[in-house]
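# A look at the structure
Residue strings, one per chain:
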Amino acid sequence: MVLRALLICLFFAASLLVGVARAGDGDAARSIVWADLLPEGEGERLARLQQMQAIEMGFDHFGAEQFPQIMSFAAVEELDGQRVRLGGYILPFDYFSGGRVTRFLLVPYVGACIHVPPPPPNQLVYVETSEPVEVAGLWDPIYAEGVIRVQRQDTDLAAVAYTLELDAIIPYRP
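Residues numbered from 1 in each chain as written. Predicted model: local features only at pLDDT ≥ 70, side-chain atom pairs only at ≥ 80, totals over all residues. Heavy atoms only, no water.

## Concerning the overall build of the protein
We count it as follows: By definition, any uninterrupted DSSP run of H or I lasting at least four residues is a helix, any uninterrupted run of E lasting at least two residues is a strand, and each is numbered from the N terminus. Burial classes: relative accessible area under 20% of the type maximum marks a residue as buried, over 50% as exposed, and values in between as partly exposed (1.4 Å probe, protein chains only). Only heavy atoms matter for contacts: two residues are in contact if any of them lie within 4.5 Å across the pair. What sets the accessible areas is the Shrake-Rupley method with a 1.4 Å probe; for residues, cover comes only from the shown protein chains.
For the protein, the helix and strand inventory stands at 2 helices and 6 strands. When the helices and strands of the protein are listed from N to C terminus, the series reads α-β-α-β-β-β-β-β. In the protein, which comprises 174 residues, the share counted as buried stands at 44%. For the protein, the proportion of contacts with a sequence separation of at least 24, taken over those separated by at least 6, is 69%. Carbon together with sulfur atoms contributes 55% to the accessible area of the protein, which is approximately 9400 Å² in total.

Okay, here's the thing in C-alpha coordinates:
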(Lines give C-alpha, C1' and ligand atoms only; values in the text may rest on other atoms or scores of the structure.)
Protein backbone atom coordinates (compact mmCIF):
# COMPACT_ATOMS: atom_id res chain seq x y z
CA MET A 1 0.00 0.00 0.00
CA VAL A 2 2.78 2.44 0.94
CA LEU A 3 4.78 1.40 -2.13
CA ARG A 4 1.76 2.18 -4.31
CA ALA A 5 1.45 5.61 -2.66
CA LEU A 6 5.16 6.24 -3.27
CA LEU A 7 4.86 5.24 -6.94
CA ILE A 8 1.78 7.47 -7.35
CA CYS A 9 3.71 10.34 -5.76
CA LEU A 10 6.63 9.76 -8.15
CA PHE A 11 4.28 9.64 -11.14
CA PHE A 12 2.58 12.87 -10.01
CA ALA A 13 5.94 14.63 -9.60
CA ALA A 14 7.07 13.42 -13.03
CA SER A 15 3.80 14.64 -14.55
CA LEU A 16 4.32 18.09 -13.06
CA LEU A 17 7.84 18.20 -14.43
CA VAL A 18 6.56 17.31 -17.90
CA GLY A 19 4.78 20.65 -17.87
CA VAL A 20 7.80 22.40 -16.37
CA ALA A 21 10.19 21.03 -18.99
CA ARG A 22 7.90 21.70 -21.93
CA ALA A 23 7.33 25.32 -20.98
CA GLY A 24 10.67 26.32 -22.49
CA ASP A 25 11.30 29.74 -24.01
CA GLY A 26 12.41 28.52 -27.44
CA ASP A 27 16.21 28.64 -27.06
CA ALA A 28 18.58 26.03 -28.48
CA ALA A 29 18.37 23.60 -25.55
CA ARG A 30 16.16 20.57 -26.05
CA SER A 31 13.55 20.34 -23.28
CA ILE A 32 13.44 16.83 -21.84
CA VAL A 33 11.60 15.16 -18.98
CA TRP A 34 12.76 12.46 -16.58
CA ALA A 35 11.08 9.71 -18.60
CA ASP A 36 13.32 10.69 -21.54
CA LEU A 37 16.32 9.44 -19.52
CA LEU A 38 14.92 5.88 -19.52
CA PRO A 39 15.34 3.48 -22.44
CA GLU A 40 12.14 1.95 -23.76
CA GLY A 41 10.58 -0.46 -21.24
CA GLU A 42 12.91 0.63 -18.42
CA GLY A 43 10.16 2.37 -16.40
CA GLU A 44 8.13 -0.83 -16.17
CA ARG A 45 11.22 -2.86 -15.30
CA LEU A 46 12.16 -0.46 -12.50
CA ALA A 47 8.61 -0.56 -11.10
CA ARG A 48 8.77 -4.38 -10.97
CA LEU A 49 12.18 -4.29 -9.26
CA GLN A 50 10.92 -1.79 -6.66
CA GLN A 51 7.88 -3.93 -5.96
CA MET A 52 10.00 -7.09 -5.63
CA GLN A 53 12.40 -5.26 -3.31
CA ALA A 54 9.53 -4.06 -1.10
CA ILE A 55 8.07 -7.56 -0.85
CA GLU A 56 11.45 -9.19 -0.18
CA MET A 57 12.47 -6.69 2.48
CA GLY A 58 9.03 -6.49 4.12
CA PHE A 59 8.23 -2.89 3.26
CA ASP A 60 7.85 -0.80 6.38
CA HIS A 61 6.78 2.84 6.07
CA PHE A 62 9.13 3.86 8.87
CA GLY A 63 12.08 1.87 7.53
CA ALA A 64 11.98 3.18 3.93
CA GLU A 65 15.41 4.80 4.22
CA GLN A 66 16.91 1.35 4.75
CA PHE A 67 16.05 0.23 1.22
CA PRO A 68 19.07 0.23 -1.09
CA GLN A 69 19.12 2.14 -4.34
CA ILE A 70 17.96 -0.01 -7.25
CA MET A 71 21.00 -0.06 -9.51
CA SER A 72 20.08 0.50 -13.14
CA PHE A 73 22.54 2.34 -15.33
CA ALA A 74 20.51 1.71 -18.51
CA ALA A 75 20.81 5.06 -20.27
CA VAL A 76 19.65 6.68 -23.48
CA GLU A 77 22.91 6.94 -25.44
CA GLU A 78 21.34 9.27 -28.03
CA LEU A 79 21.19 12.00 -25.36
CA ASP A 80 24.97 11.97 -24.85
CA GLY A 81 26.41 15.34 -25.87
CA GLN A 82 23.06 17.07 -26.41
CA ARG A 83 22.26 20.47 -24.93
CA VAL A 84 19.18 19.93 -22.78
CA ARG A 85 16.91 21.62 -20.27
CA LEU A 86 15.57 19.39 -17.49
CA GLY A 87 13.28 20.41 -14.64
CA GLY A 88 13.95 19.14 -11.15
CA TYR A 89 15.23 19.94 -7.68
CA ILE A 90 18.71 20.61 -6.34
CA LEU A 91 20.23 18.32 -3.74
CA PRO A 92 23.58 19.99 -2.91
CA PHE A 93 26.79 18.31 -1.85
CA ASP A 94 28.15 21.66 -0.75
CA TYR A 95 26.39 24.84 0.26
CA PHE A 96 28.21 28.16 0.60
CA SER A 97 27.08 31.46 2.08
CA GLY A 98 24.54 33.30 -0.01
CA GLY A 99 22.95 30.06 -1.23
CA ARG A 100 25.73 29.14 -3.64
CA VAL A 101 26.57 25.58 -4.74
CA THR A 102 29.21 23.98 -6.94
CA ARG A 103 28.19 20.30 -6.84
CA PHE A 104 24.69 18.89 -6.66
CA LEU A 105 22.38 16.16 -7.78
CA LEU A 106 19.47 17.16 -9.96
CA VAL A 107 16.62 15.00 -8.71
CA PRO A 108 13.09 14.44 -10.04
CA TYR A 109 11.17 15.20 -6.83
CA VAL A 110 11.59 17.01 -3.52
CA GLY A 111 13.31 14.89 -0.88
CA ALA A 112 14.84 12.35 -3.27
CA CYS A 113 17.86 10.65 -1.65
CA ILE A 114 17.07 12.13 1.76
CA HIS A 115 14.09 10.41 3.38
CA VAL A 116 13.47 7.60 0.91
CA PRO A 117 15.75 5.31 -1.09
CA PRO A 118 17.46 7.23 -3.90
CA PRO A 119 15.93 6.96 -7.35
CA PRO A 120 17.75 4.60 -9.71
CA PRO A 121 20.99 6.00 -11.20
CA ASN A 122 19.27 6.60 -14.54
CA GLN A 123 16.86 8.99 -12.79
CA LEU A 124 19.58 11.21 -11.27
CA VAL A 125 21.90 13.78 -12.85
CA TYR A 126 25.24 14.83 -11.31
CA VAL A 127 26.12 18.50 -11.83
CA GLU A 128 29.43 20.20 -11.01
CA THR A 129 30.40 23.79 -11.80
CA SER A 130 33.76 25.52 -11.63
CA GLU A 131 32.12 28.72 -10.39
CA PRO A 132 29.47 28.58 -7.64
CA VAL A 133 25.91 29.24 -8.81
CA GLU A 134 23.24 30.88 -6.68
CA VAL A 135 20.23 28.86 -5.69
CA ALA A 136 17.15 30.73 -4.47
CA GLY A 137 15.63 27.88 -2.46
CA LEU A 138 16.46 24.21 -2.14
CA TRP A 139 12.79 23.23 -2.23
CA ASP A 140 12.05 25.27 -5.35
CA PRO A 141 11.82 23.61 -8.77
CA ILE A 142 14.37 24.74 -11.35
CA TYR A 143 15.47 24.05 -14.87
CA ALA A 144 19.07 22.93 -15.29
CA GLU A 145 20.43 23.65 -18.73
CA GLY A 146 23.61 22.35 -20.31
CA VAL A 147 25.24 19.45 -22.11
CA ILE A 148 24.20 16.05 -20.78
CA ARG A 149 26.59 13.10 -20.75
CA VAL A 150 26.00 9.41 -20.19
CA GLN A 151 28.66 9.19 -17.50
CA ARG A 152 28.55 7.25 -14.27
CA GLN A 153 29.31 8.99 -10.99
CA ASP A 154 29.46 7.32 -7.60
CA THR A 155 28.70 9.83 -4.84
CA ASP A 156 28.13 9.72 -1.09
CA LEU A 157 24.38 10.02 -1.66
CA ALA A 158 23.78 7.76 -4.65
CA ALA A 159 25.15 6.28 -7.84
CA VAL A 160 24.32 8.37 -10.92
CA ALA A 161 24.13 7.50 -14.63
CA TYR A 162 24.17 11.01 -16.14
CA THR A 163 26.21 14.18 -15.69
CA LEU A 164 25.37 17.69 -16.84
CA GLU A 165 27.88 20.34 -17.89
CA LEU A 166 25.87 23.23 -16.47
CA ASP A 167 25.28 26.38 -18.51
CA ALA A 168 22.49 27.85 -16.40
CA ILE A 169 20.04 27.32 -13.59
CA ILE A 170 16.71 28.86 -14.45
CA PRO A 171 14.03 29.28 -11.75
CA TYR A 172 10.71 27.67 -12.57
CA ARG A 173 8.05 30.29 -13.25
CA PRO A 174 4.47 28.99 -13.57
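Structure's up, so let's keep going.
## Considering the pairing of strand S6 (residues 159-171)
Spelled out, the test is: Pairing between strands requires that DSSP locate at least two bridges from one strand to the other.
Alignment of strand S4 (residues 125-134) against S6, held across 3 bridges, turns out to be parallel. If you follow Val-125 over to S6, its bridge partner there is Tyr-162. Sheet analysis places strand S5 (residues 142-154) next to S6, joined by 11 bridges and oriented antiparallel. Pairing of Ala-144 across the sheet is with Ile-169, part of S6.

## Observations regarding the nonpolar core
Quick reminder of the rule: Residue types Ala, Val, Leu, Ile, Met, Phe, Trp, Tyr and Cys, when buried and joined through side-chain atoms within 4.5 Å, form a set referred to as a nonpolar core.
Counting 22 residues, the largest nonpolar core has Leu-37, Leu-106, Val-125, Ile-148, Tyr-162 and Leu-164 as its most contacted members. Elements with a minimum of two residues in this core: strand S2 (83-92), strand S3 (100-107), S4, S5 and S6. With 4 residues, the top contributor of residues to this core is S6. Within the second largest apolar cluster, 10 residues are counted, among which are Ala-112, Leu-124, Tyr-126 and Ala-158.

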